[in-house]
Amino acid sequence: MSKNNKYNPSRMPSAKGMDIASVYLPRECASKAKNIVLSPDNENIVEELLTILQMKDKFFEYEVPVPNKLMMFGPPGSGKTLTAFHLAHRLELPLVLAR
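Residues numbered from 1 in each chain as written. Predicted model: local features only at pLDDT ≥ 70, side-chain atom pairs only at ≥ 80, totals over all residues. Heavy atoms only, no water.

*Asks:* Which parts of the structure should I look at to understand the overall build of the chain?
*Replies:* Looking only at helices and strands, the chain features four helices and four strands. Partitioning the contacts of the chain with sequence separation of at least 6, the portion at a separation of at least 24 is 59%. Here the chain displays about 8,300 Å² of accessible surface, and carbon together with sulfur accounts for 57% of that area. (Helix = DSSP H or I, 4+ residues; strand = E, 2+ residues; numbered from the N terminus. Contact = heavy atoms within 4.5 Å. Areas by Shrake-Rupley, 256 points an atom, 1.4 Å probe, with all protein chains shown as cover.)

What follows is the structure in structure tokens.
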């Protein structure tokens, strides 16, 4: 095995020299999303999602699966990644961005 091809467990997989995914800690997400301004509609969606996720006990009580996925779509530059940073910060969870 050559020196350049050594296995490094802390490095994400890459394709053609480009990282396939990046991991951000909650504090890194906070710094990236500190100046976010959401439209009123998007702010309502974020707050509704956060409220639902805070009701885990009710979901478990009624044996309903807790929603744990979110699909965002839109043209480049519409704020999907920035919103993901904002949510990761608010939920105090790491964020994995897959390319």
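What follows continues from the structure just given.
*Asks:* Mind showing me how you'd approach the packing of aromatic side chains here?
*Replies:* With the rule as written, the count across this model stands at one aromatic pair. With centroids separated by 4.9 Å and ring planes inclined at 75°, the aromatic side chains of Tyr 24 and Phe 85 adopt a geometry described as edge-to-face. Of this pair, Tyr 24 sits in strand β3 (residues 21–24) while Phe 85 sits in helix α4 (residues 80–91), and the two are 61 residues apart along the sequence. Classification of Phe 85 as buried rests on a relative accessible area of 6%. (Phe/Tyr/Trp six-rings, centres within 6.5 Å; stacked < 30°, edge-to-face > 60°. Buried < 20%, exposed > 50% of the residue type's maximum accessible area, 1.4 Å probe, protein only.)

*Asks:* So what exactly am I meant to see when it comes to the side chain of His 86 here?
*Replies:* Examined against the element boundaries, His 86 turns out to sit in helix α4. Its relative accessible area of 10% is what places His 86 among the buried residues. If we skip the residues at most four places from it in the chain, His 86 touches Ala 33, Ile 36, Leu 38 and Val 46.

*Asks:* Help me understand α4, please; the structure alone is not making it clear to me.
*Replies:* When the terminal C-alpha atoms of α4 are compared, their 16 Å separation across twelve residues agrees well with the 16 Å that a helix rising 1.5 Å per residue should span. Of the residues making up α4, those classed as buried are Thr 83, Ala 84, Phe 85, His 86, Leu 87 and Ala 88. Those residues of α4 hidden inside the fold are in contact with β3, α1 (26–32), α2 (40–53) and β4 (95–98). (Expected span 1.5 Å × (residues − 1).)

*Asks:* How should I be thinking about the layout of surface pockets in this particular structure?
*Replies:* Over the atoms rolls a probe the size of a water molecule, and its path tells where empty space is left. A volume near 720 Å³ is recorded for the largest pocket. Forming the walls of the largest pocket are 25 residues, and the residues nearest its centre are Leu 70, Ala 84, Leu 87, Leu 91 and Leu 95. For the lining of the largest pocket, the secondary-structure elements that each account for two or more residues are α2, α4 and β4. Sorting elements by how many residues they give to the lining of the largest pocket places α4 first, with seven residues. Within the lining of the largest pocket, the residues separate by chemical class into 17 nonpolar, three polar and five charged. Here the second largest pocket is characterised by a volume of approximately 340 Å³. (1 Å grid on protein atoms, 1.4 Å probe; cavity = no way out; pocket = protein on both sides within 12 Å on 5 of 7 lines; lining within 4 Å. Points joined across faces, edges and corners; volume = space filled by probe spheres on them. Nonpolar A, V, L, I, M, F, W, Y, C, P; charged D, E, K, R; others polar.)

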